[in-house]
Amino acid sequence: MILRIQFLIASLLFCVNCNSQFTDLHHFDILPDAANPQLGDFCSDGEFLFGMTYIGGENNGGTIFKIKHDGSAYEVIYSFTSATGIEPWGTLLLHDSKLYGITRAGGSNHSGVVFKIDTDGANYTVLHDFNSPTDGRNSVGSLLLENNKLIGMTQLGGANDHGTIFKLDIDGTNYTVLHDFDGADGKEPNGRLYSDENYYYGTTRLGGTNDQGVVFRVNHNGDNYTILHSFNGFATGRDPYSTLVSDGNFLYGTTRFGGNNDVGTVFKLTKDGSGFQKLIDCSNANGREPHCGLVLTNGVLYGTNYQGGSNSLGNVFSLNTDGTGYTILHNFVSNQGGKRPTGGLYKECEFLYGMTNTGGDEDKGTIFKYQYRNIQESIDNQFTCSDFTWIDGNTYFENNSTATYMYQDQDGCDSLLVTLDLTITSINKAVYTQENSQLMTALQDSATYQWLDCENDYQIILGETSQSLVPPIFSHNFAVEITLNGCVDTSFCTQSFLNIETLGDLETEISIFPNPSNGLFTISIHSELIEEINYSVTNLEGRTLITKERLNTNTFELIDLSSHAVGVYFLTLYHSDDLVVYKLIKR
């Protein structure tokens, strides 16, 4: 019988932005290496990051490269050629082990292409050659995938040569222009569209009421194009290059110029265009001219500035979505981590990955990562009374302070490291009956005790709450309930005087009185059949105090314990093969 008591004390040691660090992963080298990435960031298959550079490679027309998250295994997997597309500016899209992207130039019409390629660099395929003015040209954006259709924008071309929104099937067929920009509603769109269940959202760098760019939305079929905001220079910013991000209610983005200092802004507005708010005005000191979009995680925006900061070479920053808490996380230093980032940031787990356009050993740009948060840590203090099965699925039978378990968030990233601190209270249930003593002792020390009568449905023996028991009945089974550190367990039943048997009818022929007494006890033997009896008196420790042989029958024998301490003593009488033990209580 055991009562389990389990406590959970999880002391979360949250550690966000402590020991954050910037890591320089790779410096782009001279040809034929990749060089000078523009506007884009990364996609990932979990093992590699994939990115593009605007120039470099074997033909100096741009590259696709891959690199592991720790900076190792860097490899240019494809060099663009003029015939099949050159000068990619955006971010790759990964789907079913294929990479999809856009080039700004090259192709059969010298207007750029939509392409796909395997992640190992094989099977480069042009899905669509842009053919300005029919369907757009010179895209500096990235693709979106929905329902097996690729959606993107061209900066120029289309009916008005101000750019287009287009879609095509993932196999390159059914190319369709969804919207032709006309200048009044915006011109020269950039970046990647943001999509919700009803609309695509994006920005143009020019056009609109003030010819300083707009935020727009349009139905997925190209209908109901709406300007949500026309930028207005110093008041709200101008020349947005950014992809928009959203928390579901607000859209967030950046402008390269405008604002109070005419060096850019960070803004937000609702998805219906109301509530436009300029969150910050960029400055030379804090960073200026953000070229790309933001990363939003846990209510914090992360981005890059192309210039400004302590070294005037750009920086990485964070900002709360309400405009407070602007923080410079890293100021770029040319030969150590690059300079002038034009691309956005890519978030994977606790890291932000990005690229600089120039700087590094050869001034061709760099790849970097920034640890924006540490993995949180927790200690799981567990106190239990027996073996314990933990969250890792293992069962522990001893104390443990080294087992760990890593929780992952909804994105599959390590988020919380839990260390087990397990204390198991193991109760010793053994009961010892000392040889030549009538004392029963629980071997578990420093606990609380309650002795029980096994042969009377485990009834409590009133007053018997010590570690040791003087059995009130001999040749009888007793147990003890032990409580230690909140844990309760019961011993096995143990027979009193397990090493002694009472034989024959000797017990019925003898009486002891008075008992209890002040120290004088009388033995009376009633039977004439018993010729003589031997006896001894012992204390609780089993030490013999009195012995006598050949006690005659039909007589009275006085036992004098008056000189001994108050307590319990045992009188053992034996005759031939018979033996009986009495408990003597001196008051």
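For the structure itself, consult the block above.
For every chain, the first residue of the written sequence is number 1, and numbering continues from 1 along that sequence. Selection of residues for local features in this predicted model requires a pLDDT of at least 70, selection of side-chain atom pairs for listing and counting requires 80 or more, and totals for whole chains, interfaces and linings are taken over all residues. Note that water and hydrogens are dropped before the side-chain values are worked out from all heavy atoms of the structure.

Colleague: What is the right way to look at the overall build of the chain in this model?
Modeller: Every helix listed is a DSSP run of H or I at least four residues long, and every strand listed is a run of E at least two residues long, numbered separately from the N terminus. Scanning the chain from terminus to terminus reveals 1 helix and 52 strands. The C-alpha radius of gyration of the chain comes to 44 Å, more than 25% above the 25 Å expected for a compact globule of 587 residues. In terms of its C-alpha atoms, the chain occupies a principal-axis envelope of roughly 135 × 50 × 45 Å. For each residue, the accessible area found with a 1.4 Å probe, counting protein chains only, is set against the maximum for its type, and the residue is called buried under 20%, exposed over 50%, and partly exposed in between. For the chain, buried positions account for 54% of its 587 residues. Of the roughly 25,300 Å² that the chain leaves accessible, carbon and sulfur atoms contribute 45%. For the chain, the distance from the average position of its 32 positive side-chain charges to the average position of its 69 negative side-chain charges is 12 Å. It is over C-alpha atoms that the radius of gyration is taken, and the globule rule equals 2.2 Å times the number of residues to the power 0.38. In short, Shrake-Rupley with a 1.4 Å probe defines the accessible areas, and a residue's cover is counted only from the protein chains shown. Charged residues are defined narrowly, with Lys and Arg counted positive, Asp and Glu counted negative, and His plus the chain ends left uncounted. All charge positions are set by atom: Lys at NZ, Arg at CZ, Asp at CG, Glu at CD.

Colleague: Explain the state of the cysteines here, please?
Modeller: Formally, a disulfide is one covalent bond, and it connects the sulfur atom of one cysteine to the sulfur atom of another. Any cysteine sulfur atom paired with another within 2.5 Å is treated as part of a disulfide. As enumerated under the stated definition, the model contains 3 disulfides in all. With its sulfur 2.1 Å from that of its partner, Cys349 forms a disulfide with Cys413. A torsion of -80 degrees about the S-S bond marks the disulfide between Cys349 and Cys413 as left-handed. Of the two residues, Cys349 is situated in the loop between strand E30 (346–348) and strand E31 (351–356) and Cys413 in the loop between strand E36 (404–408) and strand E37 (414–424); the sequence distance between them amounts to 64 residues. Here Cys385 connects covalently by a disulfide to Cys487, the sulfurs 2.0 Å from one another. Between Cys385 and Cys487, the S-S torsion sits near -85 degrees, and that sign places the bridge as left-handed. Of the two residues, Cys385 is situated in the loop between strand E33 (376–384) and strand E34 (388–389) and Cys487 in strand E44 (residues 487–490); the sequence distance between them amounts to 102 residues. Take Cys385 and Cys487: they sit in the same class, and that class is buried. In this model Cys282 remains outside any disulfide bridge; the closest cysteine sulfur is found in Cys292, 14 Å from its own.

Colleague: Would you mind going over the pairing of strand E6 (residues 48–53) with me for this structure?
Modeller: For a regular strand, side chains alternate in direction, first toward one face of the sheet and then toward the other. Within E6, 6 of the 6 residues are buried, which leaves it mostly tucked inside the rest of the structure. Covered by surrounding structure in E6 are Phe48, Phe50 and Met52 together with Leu49, Gly51 and Thr53, the residues of both alternating faces. Strands qualify as paired when DSSP identifies two bridges or more between them. Pairing between strand E5 (residues 43–44) and E6: 2 bridges, direction antiparallel. Each bridged residue has a counterpart across the sheet, and for Ser44 the counterpart in E6 is Leu49. In sequence, E5 turns back onto E6 through a hairpin of 3 residues, with Gly46 there showing a positive phi of about 95 degrees. With 6 bridges joining them, E6 and strand E8 (residues 63–68) adopt antiparallel strand pairing. The partner of Phe48 across the bridge, within E8, is Lys68.

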